[in-house]
Amino acid sequence: VLGEVLRRAREALGRSPEQVGAVTGISGRTIRRLEAGESDRPRRVTLETLAGFYGLEPDALIGLADAPPDRTAFLRVLRDQVASH
């Protein structure tokens, strides 16, 4: 679900992973891996940086990375936040 939130936030801005990477200093490959759910333990600093760029709450993304899949209320809040940007 973290990957979905990150992908939707990026797409809402109309940016490619490489464009986001150029601004944030995070490689486009890393962004693609996060969005695809291929990173089991994303680094906190990476999530904080992406949250800042996307206008999301850093602690929410960090919590989502650690959240078990059944925390639907938490995920709904994040999805609403992404949709409002």
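Use the structure listed above.
Just so we're clear, the structure is a prediction, and the values are computed from it rather than from any experiment.

Caption draft 1: Looking closely at the packing of aromatic side chains. Applying the stated criterion to the full structure yields one aromatic pair. Between F53 and Y54, the aromatic rings sit 5.6 Å apart at their centres with planes inclined by 65°, giving edge-to-face as the arrangement. Take F53: its relative accessible area is 22%, and that puts it in the partly exposed class. On the accessibility criterion, Y54 (4% relative accessible area) is buried.

Caption draft 2: Inspection of the pattern of salt bridges at higher detail. In total, this model carries eight salt bridges according to the counting rule given. In this structure, E18 and R32 form a salt bridge, with 3.0 Å as the shortest nitrogen-oxygen distance. With a gap of 14 residues between them, E18 in helix α2 (residues 17–24) and R32 in helix α3 (residues 28–35) connect regions that are remote in the sequence. A relative accessible area of 44% places R32 in the partly exposed class.

Caption draft 3: View of the packing of helix α1 (residues 2–12) against helix α5 (residues 58–66). Where α1 meets α5, the axes come as close as 9 Å, and the angle between the chain directions of the two elements is 145°. In contact with L2, V5 and L6 of α1, α5 contributes L61, L64 and A65. Among the residues making up the contact of α1 with α5, the classes are represented as six nonpolar, no polar and no charged.

Analysis parameters
Residues numbered from 1 in each chain as written. Predicted model: local features only at pLDDT ≥ 70, side-chain atom pairs only at ≥ 80, totals over all residues. Heavy atoms only, no water. Phe/Tyr/Trp six-rings, centres within 6.5 Å; stacked < 30°, edge-to-face > 60°. Buried < 20%, exposed > 50% of the residue type's maximum accessible area, 1.4 Å probe, protein only. Salt bridge = Lys/Arg side-chain N within 4 Å of Asp/Glu carboxyl O. Helix = DSSP H or I, 4+ residues; strand = E, 2+ residues; numbered from the N terminus. Axes fitted to C-alpha atoms, helices over the stretch in contact; angles between N-to-C directions. Contact = heavy atoms within 4.5 Å. Nonpolar A, V, L, I, M, F, W, Y, C, P; charged D, E, K, R; others polar.

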